[in-house]
Amino acid sequence: MSLKDYINNKPTLETNRLILRTLTKEDVPALCEWMSDKTIYKYWGMNPGKNDKNPMLLFERKEKPTKSFHWGIINRSNKKAIGEIWIYLIQNDRMAKAAFRLSPEYQGKGLALEALEKVIQFCFTKTELQKIWTDVHIENHPSYKTLEKAGFVREGCIRSGKMVNIYCDYYLYGLLKVDYCK
């Protein structure tokens, strides 16, 4: 399969503890519990936006078909939406950016790593993507440790660069399909 096969039908991915699926209106109460928590935006490059403060707004406009992926991270044990993970900024069907965030209540339990590893596996076995990359604030130790555990390599450091809406120092990380499939 290829990225174009997923434009209109996003897959659901499953791990032992998680279900990665498209978010729905039924997830709004769980999203309201954590999305406006300012602590998760400390290294995000911006403060909570209007959709973060009112997750129902996410469902008021029709989703446009895209090759990008936006999964809700669902806790299998209580069926709550506890985070999000994206594959986006896809360039020439060859490389894409990853991003993830979790409710503070669920951080530090290996769940972000579990979700990220499943998404990497999907991208490198079910699409033509050859590289997944991301950027991470240099003070965001838990995120870059998660990336490193998933096999990402630190490719550089941008000093005083713009990360979303702030200027800061941040690392660039990348993972190549050829390294993943060794």
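Nothing here was measured: the structure is a model prediction, and the numbers come from that model. Residue numbers here run from 1 along each chain, matching the order of that chain's written sequence. Local features in a predicted model are, by the rule used here, given only for residues with pLDDT of at least 70; side-chain atom pairs are given and counted only at 80 or more, and totals for whole chains, interfaces and linings are based on all residues. Based on all heavy atoms of the structure, the side-chain values leave hydrogens and waters out of the count.

(A) Structural detail: the environment of Lys53. In this text, helices come from DSSP runs of H or I with a minimum length of four residues, and strands from runs of E with a minimum of two, each type numbered from the N-terminal end. The topology assignment puts Lys53 in helix α2 (residues 50-53). With 17 residues separating them in the primary sequence, Lys53 and Ser36 have C-alpha atoms 4.9 Å apart.

(B) Spatial organisation of the pattern of salt bridges. A carboxyl oxygen of Asp or Glu within 4 Å of a side-chain nitrogen of Lys or Arg is what we treat as a salt bridge. By the definition in use, this model includes eleven salt bridges. Residue Lys131 is joined to Glu155 by a salt bridge in which the shortest nitrogen-to-oxygen separation is 3.0 Å. Placement of the pair is Lys131 in strand β6 (residues 131-137) and Glu155 in strand β7 (residues 153-163), with a sequence separation of 24 residues. Note that Arg154 and Glu148 form a salt bridge whose closest N and O atoms lie 3.4 Å from each other. Overall, Glu148 belongs to the partly exposed group, its relative accessible area being 30%. Look at the salt bridges and you will find they share partners, linking Asp52, Glu84 and Arg101 into a network. Partly exposed residues are those whose accessible area sits between 20% and 50% of the maximum for their type, while under 20% is buried and over 50% is exposed, using a 1.4 Å probe and protein chains only.

(C) Spatial organisation of the pairing of strand β5 (residues 95-102). Taking burial as the measure, the eight residues of β5 include seven buried ones, the bulk of the element. The loop that links strand β4 (residues 81-91) with its antiparallel partner β5 comprises three residues; one of these, Asn92, has a positive phi angle of about 55°. In this scheme, strands are said to pair when DSSP sees at least two bridges between them. The sheet contact formed by β5 and β6 spans three bridges and is parallel. The residue of β6 that forms the bridge with Lys97 is Trp133. Call a crossover right-handed when, viewed with both strands pointing away from you, the route from the first strand across the helix to the second goes clockwise. Each parallel crossover has a hand, and for β5 linked through helix α3 (residues 111-126) to β6 it is right-handed.

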